[in-house]
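Given next are the chains, with one letter for each unit.
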Amino acid sequence: MPFSFFCDMTLTACLTVWSPGPNNILLLSNASKYGIRKNMKFMAGIWTGSLSLMMLSGLLCRTLSDVIPGIAPVMKYIGAVYMLYLAYQTMRRLPPGEKDADREPTYAAGIFLQLVNVKIIIYGLTMFSAFILPYVQEPVYLLGYAFYLMVLGAIGNLIWAFAGNVLKRFYGAHYKVMNVIMAGLLVWCAAKVVGILG
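As a starting point, this report considers the structure included with it. (Residues numbered from 1 in each chain as written. Predicted model: local features only at pLDDT ≥ 70, side-chain atom pairs only at ≥ 80, totals over all residues. Heavy atoms only, no water.)

**Section: the overall build of the chain**
The helix and strand inventory of the chain stands at 7 helices and 0 strands. Listing every helix and strand of the chain by position from the N terminus yields α-α-α-α-α-α-α. A burial count over the chain gives 44% of its 198 residues as buried. A fraction of 85% describes how many contacts in the chain between residues 6 or more apart in sequence connect residues 24 or more apart. (Helix = DSSP H or I, 4+ residues; strand = E, 2+ residues; numbered from the N terminus. Buried < 20%, exposed > 50% of the residue type's maximum accessible area, 1.4 Å probe, protein only. Contact = heavy atoms within 4.5 Å.)

Below, the structure is given as structure tokens:
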């Protein structure tokens, strides 16, 4: 994979998994309510579920490209369309509310959240179909990329968890500007994936 494309993939991944979503909002909310230490099991569950989904996404996309050889270019456009959809959703996003969980977060809850988290499922499918599979096919490298994508998500989770109320207040005060910036970067990445920007 060319280094510039790797950088585009990393930027897209960070914009996707570092933006407000079920994982990050719950971590922010739970950290402000229970503290970081009581949130660690929940985060470990999120990371376990996320790594599992990234591996399954890589396997599914790889299998599809073997079964239907011409699907890779089509999936690249589907991934770009999803990025545009994410940009649209990002523009509409409001600051997080005060919907705190009633119970302390658990490891199992973190894993289960990934199984129903459409954002993470589509994130994995998009990253593999649009960025990784056009350049990499070997299973060991696909596993490495699955781990890399999970680590990027974990970094975003840690940022949101440690930020707690500080980030919640900052995002609440400046969410429109942050949304425009994140949405614009997602549109730019989608254009790069389909070759509009070279």
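**Concerning the nonpolar core**
Counting 22 residues, the largest nonpolar core has M54, Y123, M127, F128, F131, I132 and L149 as the members making the most contacts within it. Going through the elements one at a time, helix 1 (3-18), helix 3 (40-67), helix 6 (118-132) and helix 7 (139-193) are the ones with two or more residues in this core. Broken down by element, this core gets its largest block of residues, 7 residues, from helix 6. Once you skip the residues sitting within four places of it in the chain, F128 turns out to touch M54, S57, G58, C61, L133, P134, L142, Y145, A146 and L149. Counting residues in hydrophobic clusters, the runner-up holds 7 residues, among them L27, A31, L113 and A161. (Core = buried A, V, L, I, M, F, W, Y, C linked by side-chain atoms within 4.5 Å.)

**Here's the deal with helix 5 (residues 107-115)**
Within helix 5, the full set of buried residues consists of G110, L113 and Q114. Looking straight down helix 5, one finds its buried side chains confined to an arc of 100 degrees; they lie on one side. Residues of helix 5 that are exposed and point over 90 degrees away from its buried face: A108, F112 and L115. (Arc of directions from axis to C-beta.)

**Considerations on the packing of aromatic side chains**
A ring pair, where both rings are aromatic, is described by two values, the distance of the centres and the angle of the planes. A full pass over the atoms with the stated rule returns 4 aromatic pairs. Their ring planes at 25 degrees and their centres at 6.5 Å tell us that F3 and F6 sit as a pair that is stacked. Of this pair, F3 and F6 both sit in helix 1, 3 residues apart, roughly one helical turn. The exposed category is assigned to F3, whose relative accessible area is 64%. We classify F6 as partly exposed; its relative accessible area is 23%. (Phe/Tyr/Trp six-rings, centres within 6.5 Å; stacked < 30°, edge-to-face > 60°.)

**Side note on the side chain of T16**
Looking at the secondary structure, you find T16 in helix 1. Looking at T16, its side chain comes within polar contact range of the main-chain oxygen of T12, at 2.8 Å. (Polar contact = N/O pair within 3.5 Å; in protein donor to acceptor, adjacent residues only side chain to side chain.)

**As for the side chain of S57**
By the secondary structure assignment, S57 is in helix 3. With relative accessibility at 5%, the residue S57 sits in the buried group. Those residues in contact with S57 that lie beyond four places of it in its chain are I121, G124, L125 and F128.

**Side note on helix 6**
Here helix 6 is 15 residues long and its end C-alpha atoms lie 20 Å apart, about the 21 Å a rise of 1.5 Å per residue gives. Residues of helix 6 that are buried: K119, I120, Y123, G124, T126, M127, F128, S129, A130, F131 and I132. (Expected span 1.5 Å × (residues − 1).)

**Some remarks on a nonpolar patch on the surface**
A cluster of nonpolar side chains, V177, I181, L185 and W188, forms an exposed patch at the surface whose accessible area comes to about 350 Å². On the secondary structure map, I181 appears in helix 7. (Patch = residues over 30% accessible without salt bridge, like charges linked within 9 Å, V, L, I, M, F, W, Y side chains within 5 Å. Areas by Shrake-Rupley, 256 points an atom, 1.4 Å probe, with all protein chains shown as cover. Salt bridge = Lys/Arg side-chain N within 4 Å of Asp/Glu carboxyl O.)

**Structural notes on the environment of Q89**
By the secondary structure assignment, Q89 is in helix 4 (residues 71-92). We classify Q89 as partly exposed; its relative accessible area is 23%. Taking the C-alpha atoms as reference points, Q89 and A183, separated by 94 residues in sequence, lie 8.2 Å from one another.

**Some details on the packing of helix 1 against helix 6**
One way to put it is that helix 1 packs onto helix 6 with a least axis distance of 11 Å and a crossing angle of 170 degrees. Accordingly, the angle class assigned to the pair helix 1 and helix 6 is roughly antiparallel. On the side of helix 1, the interface is formed by F5, D8, M9, T12, A13, T16 and V17, while helix 6 contributes K119, I120, Y123, M127, A130, F131 and I132. Of the residues contributing to the contact of helix 1 with helix 6, the split by class is 10 nonpolar, 2 polar and 2 charged. (Axes fitted to C-alpha atoms, helices over the stretch in contact; angles between N-to-C directions. Parallel < 35°, antiparallel > 145°, perpendicular 65-115°, else oblique. Nonpolar A, V, L, I, M, F, W, Y, C, P; charged D, E, K, R; others polar.)

Everything listed is a geometric property; what it means functionally is a separate question.
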